[in-house]
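# Fold and geometry: a report
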Amino acid sequence: YFNEGLKTITTAAGFCYLSNIKFIHFPNTLESIQANAFDFWNGCSLEKIILPSSLTSLGQHCFQNLTKCSLIDLSRANITEIPDYCFRSYKAPEDGTTTIVKVPASLTTIGYQAFQGMKSIYEFEFQEGITQIGDHSFENTSIQSVVWPKSLTTHKDYSCVFTGCPVSYFDMGDGLQTLPARMS
């Protein structure tokens, strides 16, 4: 439990060793979670992440290796980017966990390998307003259906956004004007 008034959770916070945490209350004053703040090297028991509307910045690797997380709720946060490696996982989900991800309307960018390896993600709603999706961002997740938002008009060549995913339905939407060299 973090007290109201806390504005930043730093890189050196040391939470990577607390793998048995199930829930964290993030205060309504929190503005930034820096890189590696909750990088759980050996996986963790965190079941839900609900970030406040005061949050404006997430750092790279800040929530790695979530093995039991059923909800990542960023919908209230005032962020424009999910940075590189933010929720990447090297660990398999435990107990058949399915992770629901909710993103804010303010989101414009999903970074490189942002959700890579999170096998517990079966669907992801790509909101209107997203203009950039990084390479390998959903690699080796369990996403089966993709609908690009109209706001995504271009994508880098040589991208591998969904490598290793069992995608069976792909709708490129009306906005995509340039096809990447490869999609898998």
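We now turn to the structure provided with this report.

Conventions adopted
Residues numbered from 1 in each chain as written. Predicted model: local features only at pLDDT ≥ 70, side-chain atom pairs only at ≥ 80, totals over all residues. Heavy atoms only, no water. Helix = DSSP H or I, 4+ residues; strand = E, 2+ residues; numbered from the N terminus. Contact = heavy atoms within 4.5 Å. Areas by Shrake-Rupley, 256 points an atom, 1.4 Å probe, with all protein chains shown as cover. Pairing = 2+ DSSP bridges. Core = buried A, V, L, I, M, F, W, Y, C linked by side-chain atoms within 4.5 Å. Buried < 20%, exposed > 50% of the residue type's maximum accessible area, 1.4 Å probe, protein only. Salt bridge = Lys/Arg side-chain N within 4 Å of Asp/Glu carboxyl O.

Moving on: the overall build of the protein. Helix and strand counts for the protein come out as zero helices and 11 strands. What you see in the protein, going N to C, is helices and strands ordered as β-β-β-β-β-β-β-β-β-β-β. Taking the intrachain contacts of the protein between residues at least 6 apart in sequence as the baseline, contacts between residues at least 24 apart amount to 54%. On the protein, roughly 8600 Å² of surface is accessible, and the fraction owed to carbon and sulfur atoms is 47%.

For the rest of this paragraph, the subject is the sheet that holds strand E1 (residues 8-9). With parallel pairing, the three strands of this open sheet are ordered in space as E1-E2-E4. Each having just a single partner strand, E1 and strand E4 (57-58) make up the two edges of the open sheet. Here E1 runs beside strand E2 (residues 32-33); their pairing, made up of two bridges, is parallel. Bridge pairing in E2 links Thr8 to Ser32.

Before going further, it helps to examine unusual backbone geometry. The residue Asn65 is not glycine, and still its phi comes out positive at about 65°. Mapped onto the elements of the fold, Asn65 is located in the loop between E4 and strand E5 (71-73). You will see that His136, though not glycine, has its phi angle at about 60°, which is positive. Along the chain, His136 falls in the loop between strand E9 (132-133) and strand E10 (145-147).

Take the nonpolar core next. Phe26, Ile33, Phe38, Phe63, Leu66, Phe87 and Phe115 are the most contacted members of the largest nonpolar core, which totals 48 residues. Ignoring any residue separated from it by four or fewer positions in sequence, one finds Phe87 in contact with Ile49, Phe63, Leu66, Ile72, Leu74, Ile82, Ala114, Phe115 and Met118.

Another aspect to go through is the pattern of salt bridges. Going through the model one piece at a time under the given rule, you end up with two salt bridges. Close ionic contact of Lys7 with Glu31 constitutes a salt bridge, the shortest N to O distance being 3.5 Å. Note that Lys7 is positioned in the segment before E1 and Glu31 in the loop between E1 and E2, a separation of 24 residues in sequence. For Lys7, a relative accessible area of 44% gives the class partly exposed.

Residue placement: Ser32 occurs in strand E2. The residues contacting Ser32, other than those within four sequence positions of it, are Lys7, Thr8, Ile9, Leu55 and Ser57.

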